[in-house]
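# Examination of the molecular architecture
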Amino acid sequence: MAAKRKGTGLSLAMAIALFSMQASVVLAAEGPERNYDVFVQKLVEAGLKNNAAYQLLSELVARAPHRLSGSADARKAVELTAKMMDSLGFQQVHAETVMVPHWVRGQQESAVIVQGDTRRDRSLAICALGGSVPTPKNGITAEVIEVHSFEELAEKADEARGKIVFFNRPMDPAKLHTFEAYGGAVHQRATGAIRAAEVGGVAALVRSMTLAHDRVPHTGVMGYQEGIVKVPGSAISTNDADTLSMLLKRNPHLKLRLTFDCETLPEAPSANVAGQITGVEKPDEVVVVGGHLDCWDKGQGAHDDASGCVQAIEAVRLLKELGVKPRRTIRAVMFMNEENGTRGGKAYAVAPQRSSEHHVAALESDRGGFAPLGLSVQGDSALVAHVQQWRPLFEQLGTGRIEKGSGGVDISPIVATGVPGFGLMVEDYRYFDYHHSGNDTLDKVHPRELEMGAIVEALLCYLIAEEGLPPGTFHETPSQ
Ligand SMILES: [Zn+2]
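Here we summarise the structure given alongside this text. (Residues numbered from 1 in each chain as written. Predicted model: local features only at pLDDT ≥ 70, side-chain atom pairs only at ≥ 80, totals over all residues. Heavy atoms only, no water.)

## Focus: the sheet that holds strand β16 (residues 421–426)
Taken in spatial order, the eight strands make up an open sheet running β1-β10-β12-β11-β13-β16-β14-β15, and their pairing is mixed. Either end of the sheet is taken by a strand with one partner, and the two such strands are β1 (91–104) and β15 (401–404). This sheet shows a mean twist of 25 degrees between the axes of neighbouring strands, independent of strand direction. Bridge count between strand β11 (residues 282–292) and strand β12 (residues 328–335): eight bridges; the pairing is parallel. (Pairing = 2+ DSSP bridges. Helix = DSSP H or I, 4+ residues; strand = E, 2+ residues; numbered from the N terminus. Axes fitted to C-alpha atoms, helices over the stretch in contact; angles between N-to-C directions.)

## Focus: the pattern of salt bridges
In this structure the tally under the stated criterion is 23 salt bridges. A salt bridge links R63 to E59, with the nearest nitrogen and oxygen atoms 3.2 Å apart. Note that R63 and E59 are positioned in helix α3 (residues 52–63) at a spacing of four residues, about one turn of the helix. In this structure R63 comes out as partly exposed when scored by relative accessible area, which is 39%. E109 is the partner of K298 in a salt bridge, and the nearest nitrogen-oxygen pair spans 3.3 Å. With K298 in the loop between β11 and α10 (302–321) and E109 in strand β2 (residues 109–114), the pair connects residues that are 189 residues apart, well separated along the chain. Of the residues examined, K298 reaches a relative accessible area of 28% and is grouped as partly exposed. Given a relative accessible area of 22%, E109 falls into the partly exposed group. Among the ionic contacts, a cluster of salt bridges with common partners joins K49, E314, R317 and E321. (Salt bridge = Lys/Arg side-chain N within 4 Å of Asp/Glu carboxyl O. Buried < 20%, exposed > 50% of the residue type's maximum accessible area, 1.4 Å probe, protein only.)

## Some points on the pairing of strand β6 (residues 164–167)
The side-chain alternation of β6 yields two buried faces, one formed by I164 and F166 and the other by V165 and F167. Relative to β6, strand β5 (residues 140–147) runs parallel, the two sharing four bridges. Its bridge partner lying in β6, V147 is registered against F167.

## Some details on the coordination of the zinc ion
Note on the zinc ion: its protein donors are H292 (NE2), D304 (OD), D366 (OD) and D366 (OD). The metal-donor distances range over 1.9 to 2.7 Å. For the zinc ion, the four donor atoms are set out with angles of 52 to 150 degrees between them, so the coordination reads as irregular. Binding-site remark: the zinc ion is held by donors from one chain whose sequence spacing is H-x11-D-x61-D. Of the two residues, H292 is situated in strand β11 and D366 in the loop between β13 (358–364) and β14 (372–378); the sequence distance between them amounts to 74 residues. (Donors = N, O, S within 2.8 Å, 3.2 Å for Na, K, Ca; no water. Tetrahedral: all angles 85-135°; square planar, octahedral: opposite > 155°, others 65-115°.)

## Remarks on the packing of aromatic side chains
Going through the model one piece at a time under the given rule, you end up with eleven aromatic pairs. Centre to centre, the rings of F179 and Y431 are 5.3 Å apart; their planes meet at 20 degrees, and the pair counts as stacked. Placement of F179 in helix α7 (residues 178–183) and of Y431 in helix α15 (residues 431–434) is noted, with a sequence separation of 252 residues between them. Residue class for F179 comes out partly exposed when judged on its relative accessible area of 30%. The class of Y431 is buried, set by a relative accessible area of 2%. Ring geometry for F179 against F432: centres 5.0 Å apart, planes inclined by 75 degrees, an arrangement best described as edge-to-face. In this pair, F179 is assigned in helix α7 and F432 in helix α15, connecting sequence segments 253 residues apart. Residue F432 is classed as buried on the basis of its relative accessible area of 2%. An aromatic cluster of at least three residues, connected via ring pairs, comprises F179, Y182, F370, Y431, F432 and Y434. Here R195 stacks its cationic end above the ring of F150, 5.5 Å away from the centre of that ring. We note R354 situated over the ring of Y348; from NZ or CZ to the ring centre the distance is 3.8 Å. (Phe/Tyr/Trp six-rings, centres within 6.5 Å; stacked < 30°, edge-to-face > 60°. Lys NZ or Arg CZ within 6 Å of the ring centre and 35° of its normal.)

Okay, structure coming up:
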């Protein structure tokens, strides 16, 4: 078995975990009289005794912490996860090449409130947004106009000319779901630089997309529009956004100097990585489980989305440990470039290998490695109802929520072809505290919570691989 292979380069911790698996191979729920209740208990025991997902996570973020597309660490992560899956005895371990954008953060990033006396200058915590052009070498020094919406900016267009446009609308704390709060604010980051340039602004400075109050700026992708001048875009920490707002009320003419030296390089070759247990009856029918291997460069991308990657590996590993020989293929995929292009997800959906395969489902974990709550199901009501029949099994894991919702960004291209999509739903109160920032590090991930996510994924993959899903269109007909 896997642990006896040589030269894998994996850590001692991994080797120990793999060794401990040798003794515990049990027969899974197989044969016509499947007992999935027993199977669920076996999954829990096998998962929680080792917390192997956390060991894989530790390895990945330690060896390849800054996995932004096109970077050296992204390349290392491709090699490392392929090695992990190979060491664990997965079948058909391979990389599928994809070209990715290559944006690089520079050496310096600063924002200084210029007081006319350098001893009184005050620094604010900022970072460049992904995809931004740099500022001139000596920075941009200008007055600041604070706005809370694009409508307000349009009203103040004359006033904004020549200024740094400061988008300071927080994520709405009244929203129960943090992803909804994020969705209601993130357009400031995504297109703020375009809107700023349209009114003659010289730069965009955006309140970080987080509900946390701290001095850590959160990056993320931003875009430009053809025909509109490219002005630099940056994020400011929430505490510093509040400070700047307060200082602007005292002195609307204060000046800020923004300096950062990021750059966009030519596109670079990268890859999705896959490994699987091949189905014994219907090998060409595939259940995909995945996460994205790339991440922003500020932290380690531990929650976003190294967690989703190692959970996919662990889900397949767990099924192997239980001796499962599924009817259909169960494939773990590490997608590349979710953060600034979705190139991996798009490439996977149309890769030549897909022409001889039929995907029966795609599952993604990309909401952080937190305690799982259940599954969001991207498909029609009939599909949701079908999956809800399995609720008693998921309730044994405390994850009985099965609701209509989105699967994930990386699987969206294959879901768009009619494949049912699933997303791992988690307790996400803290997700945006860490998301895209220096806070997203290994110490924020709890081994048991992470493992439980992998267990839920393993269960869903196994159920679908064994039972299939009912034929159907899976997509609601849009209402007229
Ligand atoms: Zn993500």
